Amino acid sequence: MFRNLTLGSAIALVGMIAIADDGPHATHMAQCAKTCADCQLRCDSCFNHCAKLVDEGKKTHSQCMRLCVDCADVCKLCATLCSRQSMLAAHTADACAKSCEDCAAACEKFPDDSHMAACAKSCRQCAKECREMVKMMK
């Protein structure tokens, strides 16, 4: 029966079995980890973008720059704890949602900057995903 499975299909099948065996929250935690990791990358990139703007004399980006780098660290921690299904993941996800909302609000102050708009969008999505996971964990 399994003779015709491709390697990719076999890996996907094993992955689905592993998720099913990890408990009812595993899928949600895995999705939250992925969203947080994506947001971390976007925030780190936005930090670099803002740092360049600050170097050019645009001091109005300094607060956003600091929020982006801090938010990236919170997202990274949340992604790590969710991926290992830590008992502290819900606490971190709550903090991550709040951090992402603050970061998004700061980035949205610059609506003409596509880099910052993308960061804000990623943060809003991450906050939403984290809040859903917190609700599911209660």
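Each remark here, short or long, concerns the structure printed above.
Small disclaimer: the values here were computed from a predicted structure and weren't measured.

**Details of the pattern of salt bridges**
At step 1: Following the criterion strictly, the structure yields six salt bridges and no others.
At step 2: One salt bridge in this structure joins Asp38 and Lys34, with 2.9 Å as the shortest N-O distance. Of this pair, Asp38 and Lys34 both sit in helix α2 (residues 26-55), four residues apart, roughly one helical turn.
At step 3: On the basis of relative accessible area, Asp38 is assigned to the partly exposed category, the value being 38%.
At step 4: Relative accessible area serves as the criterion here: at 47%, Lys34 is assigned to the partly exposed category.

**A short note on the side chain of Glu129**
At step 1: Its place among the elements puts Glu129 in helix α5 (residues 114-137).
At step 2: Despite its burial, Glu129 remains without a salt bridge, the nearest opposite charge being carried by Lys128 at 6.6 Å.
At step 3: Residues in contact with Glu129, not counting those within four places in the same chain, are His28, Gln31, Cys32 and Thr35.

**Some details on the nonpolar core**
At step 1: Counting residues in hydrophobic clusters, the biggest one holds 39 residues, and the most contacted among them are Cys36, Cys100, Cys107, Cys123 and Cys130.
At step 2: At the level of elements, α2, α3 (62-83), α4 (89-107) and α5 are the ones that each hand at least two residues to this core.
At step 3: Not counting residues within four places of it along the chain, the set of residues in contact with Cys100 comprises Cys39, Cys71, Cys75, Cys123, Cys126 and Ala127.

Calculation rules
- Residues numbered from 1 in each chain as written.
- Predicted model: local features only at pLDDT ≥ 70, side-chain atom pairs only at ≥ 80, totals over all residues.
- Heavy atoms only, no water.
- Salt bridge = Lys/Arg side-chain N within 4 Å of Asp/Glu carboxyl O.
- Helix = DSSP H or I, 4+ residues; strand = E, 2+ residues; numbered from the N terminus.
- Buried < 20%, exposed > 50% of the residue type's maximum accessible area, 1.4 Å probe, protein only.
- Lys, Arg positive; Asp, Glu negative; His and termini not counted.
- Contact = heavy atoms within 4.5 Å.
- Core = buried A, V, L, I, M, F, W, Y, C linked by side-chain atoms within 4.5 Å.

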